[in-house]
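If you want the building blocks of each chain, they are given just below.
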Amino acid sequence: MVRLNKLKDQQGIIFNLLYSVVAIVIALLLGGILIYLSGHDPGKAYYHLVYGAFGNSYNLAQTLLNSTPLIFTGLAVAIGFQSGLFNIGGEGQLYWGALATAVTALTFPHLPGLILLPLALLAGALAGGCWGVIPGYLKARTGAHEVITTIMLNYIAILATTFLLRNYYKEAGPVDQTPLIAESARMAELIPFTRLSWAIFLGLAVVVLSDYLLKKTSIGYDIQAVGKNSAAAEYAGISVPGIYILTMGFSGAVAGLTGSTLVLGLFNRFITNFSPGYGFTGIAVAVLGRNRPWGVLLAALLFGALEAGGMSMQLYARIPADLMRIIQGLVILLVAAPAFIQLLVGSLLNRPGGGAK
Amino acid sequence: MNVVELKNISKSFGNSLANDSIDLAVKRGEIHCLLGENGAGKTTLMKILFGLYSQDQGSILINGAEVEIKSPRQAIELGLGMIHQHFMLVGRLTVTENIIAGREPRRGILIDYAEGMRQVKELTATYQLSVNPGARVEDISIGEQQRVEILKALYRQAEILILDEPTAVLTPQETGELFAVLKKLKESGKTIIFITHKLKETMAISDRVTILRDGKKVATIATSATSPTELARLMVGREVILRVKKAAAMVGKTVLQADHLTYYHKKNNRQLEQLSFVIKAGEILGVAGVEGNGQQELEELITGLSRNSQGKIFFKGKDISSWSIRERRYAGIGHIPSDRLKRGLIPDFNLEKNLILGSEWQQPYARKGFLDYKVIRENSKVIIERFRIKTSGSQALVQDLSGGNQQKVIIGRELRREPELIVAAQPTRGVDVGAIEYIHKLLLKMREEGKGVLLISAELDELLSLSDRLIVLYEGRIVASGNTVDFTEAELGLLMAGQGRGGVKNGPTE
């Protein structure tokens, strides 16, 4: 254990990565046993899992397509966490982002894409950011716990956007959705017929930007100082309430971009209840990614791969969807429970006698 | 006759050896001091004896018979009693209830409180431990609470009492009373093991003393045959200068002036009332007082962590009452906070990041909000070297440093900013003798360099040897002030307990 901990200090990133790979392998082994016990062929199932996720360019695109929203929502949670805040409100923030983006794109259909696209993205980020600032402000001013307020604000956001849509922006017809946005406002497909847009690059850019912000800037230093010891941050002259508001705004903006990119790159309109809980899955992604931007990227890719691969596992190996969810759950559980794997790996590495008491 | 004998005891936590083959023999009816710096392994050794830890190797003999102590319950049955540093009492229960809890005299299925009360009264009379058996624990003083802890052990028929740094929380008067109690207990045949890192107490109370250093036993000697200087040398492992020498003060302009400073706290209503004092360049103003009499509030008011309700604070002639913490820091107020880990450091950050805490927006560490790690690393190297911080390097996490080294990180960081005024609150708390000596030197150096120092400390020795002038706080008021040379330790103790004659002692403070 001791030796292991030392290793962890010295090569944190490499260790975390190695550790996560071990966790995934163990989870898949356990999942294999379950598949076998339920009367299916684990080999075939996993072949389709891997093939479905990475097998060809279309499958790979599906993996990336599934990952994209999770990069944003995972990052949003991770950023909040840097200042010690648990932003459960990603779901609500992304709905506002989506609506603001759609409305912007519908309002200025004649603007050239070069202006309209950034404008629509900005509107989404701003809307999500404002929605994030509310719980940040409540926390800073009244001490209201952000977990409670963000959860409640989720309901308000989802219902409010639905209300606005139905009353002001609804396209005639049975479905609660806006009309399609102008061609010029859409994010182009990267690979034809895969629906994968260059939103993924925007996600990558936000990862790089957040990582840089946290590590290399004074404001990033302040955010982390507040997250790790708010009393010491206060002592050093950092405005803790200010940082809470700022971080929640930033976190909300990133969550808002989830909605924006889905509208501009995938649906090309705003549809009610379009999110299958991206904001909540983002929490798991952030935990899995150890709340670090690059970790979130990898975790989101893993989630995307499991989603895409799971789909083909279900289709071609006839594995029930429930079983697939169990395997996904196992992966998350094991990667997120470092102590468990550490114990396991520790006992393997140290053998009897060499371990810590 | 050895009542307790520990043979060859070793205990490790992870890869650090807390106890390394320690032998200890305690005679019946003696007061035996266990002396050592923080982290020397004193408490670990006693927790092994009391069954809270199990040793990796070695044996324990009680009254000559080898025993295996697996739990405190077993230890109590063997006649051991331990009084911990932090009391284990229930505030809302009475003294009697606390003492008899777990061993209540019964009548049928009911607890016989009258009998319990009688037994407790008998104990207090026998050992002259004055405490009201019917009072609630939360209403009595710390000194009395400690007596309750001792009574708890005696009620369980303890013959051997282990006291873990019992004086850390006491006023000088209470310490005196405790020592009287201990002597009384010794007369009645009890054996006492007294854990401490204070030389003076060791000399005052013990018959014999065992010195531990870095988990090893250094020596056991009769107290009458040793001196504080020798003990300090054995404890630290090198010569230590116990008395600081300081030159006469070269007092300059007023750096800080507090003018009828008043503070009301909403929650517990603790307050500071009408504090007025000045600190001049080149002098150290000491603040004496029993903890909880307004020292922390004063510390927070001057540094901006809280705002004064009334009155004014002038720093170099400007009223800074409404300035933010950052503004005050930038203007030249340095701060060594009383709660090192809570306020002064970010334990999870590495050394170099901790060393720019509060300067992270300032040149040369940052330019327009972008950090320059080359400069930050260089800064950390300079401070590590200048302040002799023992660490594996700039990347080490601060939580992995020892208390003394953590304190050096704070002091190094604050002095590097070259403040005009430094607010030093409990700067040597929980720090070992070697580091104390060094920190004292640094504070005196600041004074020589013409800076103002506000020294808030619970250590009378420290205040008397470092400060040029003193103010004494009692219940949020200044009850006495004057030149340090005009106070004796006994007088200070009385003043701190609120029993002084008050008033200004020779010489003005304003």
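Look a little higher up for the structure.
Residues numbered from 1 in each chain as written. Chains lettered and ligands numbered in written order. Predicted model: local features only at pLDDT ≥ 70, side-chain atom pairs only at ≥ 80, totals over all residues. Heavy atoms only, no water.

What follows is about the overall build of chain B. Helices and strands together make up the secondary structure of chain B, namely 17 helices and 25 strands. For chain B, the C-alpha radius of gyration of 25 Å lies close to 24 Å, the compact-globule estimate for 510 residues. Overall, chain B is about 70 × 50 × 45 Å in size when its C-alpha atoms are taken along their principal axes. Within chain B, the fraction of its 510 residues that count as buried is 53%. Of the contacts made within chain B by residues no fewer than 6 positions apart, 66% connect residues no fewer than 24 positions apart. For chain B, the accessible area works out to roughly 22,300 Å², and carbon and sulfur atoms hold 49% of it. (Helix = DSSP H or I, 4+ residues; strand = E, 2+ residues; numbered from the N terminus. Rg over C-alpha atoms; globule rule 2.2 N^0.38 Å. Buried < 20%, exposed > 50% of the residue type's maximum accessible area, 1.4 Å probe, protein only. Contact = heavy atoms within 4.5 Å. Areas by Shrake-Rupley, 256 points an atom, 1.4 Å probe, with all protein chains shown as cover.)

The number of helices and strands found in chain A is 15 helices and zero strands. Whereas a compact globule of 357 residues would reach a radius of gyration of roughly 21 Å, chain A reaches 22 Å, a difference of no more than 12%. Overall size of chain A, expressed as C-alpha extent along the three principal axes, is 70 × 60 × 35 Å. Counting only contacts in chain A whose residues sit at least 6 apart along the sequence, the fraction spanning at least 24 positions is 75%. For chain A, the accessible area works out to roughly 16,200 Å², and carbon and sulfur atoms hold 70% of it. Once the 20 positive and 13 negative side-chain charges of chain A are each reduced to a mean point, those two points are 9 Å apart. (Lys, Arg positive; Asp, Glu negative; His and termini not counted. Charge placed at Lys NZ, Arg CZ, Asp CG, Glu CD.)

All names here are of chain A. Using the criterion set out here, one finds eleven aromatic pairs over all chains in the structure. For the pair Tyr 95 and Phe 270, a centre-to-centre distance of 6.4 Å together with 75° between the ring planes defines the contact as edge-to-face. Within this pair, whereas Tyr 95 is found in helix 5 (residues 90-107), its partner Phe 270 is found in the loop between helix 11 (240-267) and helix 12 (278-288), the two being separated by 175 residues in sequence. Accessibility assignment for this pair places Tyr 95 and Phe 270 in one class, buried. (Phe/Tyr/Trp six-rings, centres within 6.5 Å; stacked < 30°, edge-to-face > 60°.)

Residue and element names in this part refer to chain A. Counting 65 residues, the largest nonpolar core has Leu 75, Met 187, Val 254, Leu 264, Phe 270, Phe 274 and Val 285 as its most contacted members. Take this core: its biggest share by element is nine residues, from helix 5. Ignoring anything within four residues of it in the chain, the contact list for Phe 274 reads Leu 94, Tyr 95, Ala 98, Gly 259, Leu 262 and Phe 267. (Core = buried A, V, L, I, M, F, W, Y, C linked by side-chain atoms within 4.5 Å.)

So, on to the sheet that holds strand 3 (residues 31-35) of chain B. Through backbone hydrogen bonds, the strands of a sheet pair up, either in parallel or in antiparallel fashion. Residues and elements named next belong to chain B. Pairing in this open sheet of six strands is mixed, and the strands run 6-9-10-3-11-12 from one edge to the other. At either end of the open sheet lies a strand with only one pairing partner, and these are strand 6 (80-83) and strand 12 (216-222). When the angles between neighbouring strand axes are averaged without regard to direction, this sheet yields 15°. With five bridges joining them, strand 9 (residues 160-164) and strand 10 (residues 191-196) adopt parallel strand pairing. Bridge assignment links Ile 162 to a residue of strand 10, and that residue is Ile 193. Strands in contact with helix 6 (residues 172-187) are strand 3, strand 9 and strand 10; relative to strand 10, the strand with the most contacts, it is inclined by about 150°. (Pairing = 2+ DSSP bridges. Axes fitted to C-alpha atoms, helices over the stretch in contact; angles between N-to-C directions.)

Here the focus is the sheet that holds strand 14 (residues 271-280) of chain B. Residue and element names in this part refer to chain B. Pairing is antiparallel in the open sheet, where four strands are placed in the order 14-13-16-17. Of all the strands in the sheet, just strand 14 and strand 17 (318-319) have a single pairing partner and so form its edges. Where strand 16 (residues 310-315) meets strand 17, two bridges bridge the pair, whose relative direction is antiparallel. Opposite Phe 315, over in strand 17, you have Lys 318 as the bridge partner.

Facing 33 residues of chain B, the contacting portion of chain A comprises 22 residues. When the two sides are added together, the surface that chain B and chain A hide from each other amounts to roughly 2,300 Å², 58% of it contributed by carbon and sulfur. Put simply, chain B and chain A have three salt bridges between them. Residue Asp 222 of chain A is joined to Arg 326 of chain B by a salt bridge in which the shortest nitrogen-to-oxygen separation is 3.5 Å. The interface formed by chain B and chain A contains 18 residue pairs in polar contact (both at pLDDT 80 or more). The set of elements that each furnish at least two residues to the side of chain B that touches chain A consists of helix 10 (325-331), helix 11 (340-344), helix 12 (351-354), strand 20 (370-371) and helix 14 (403-416) of chain B. (Buried area = accessible area lost by both parts, 1.4 Å probe. Salt bridge = Lys/Arg side-chain N within 4 Å of Asp/Glu carboxyl O. Polar contact = N/O pair within 3.5 Å; in protein donor to acceptor, adjacent residues only side chain to side chain.)

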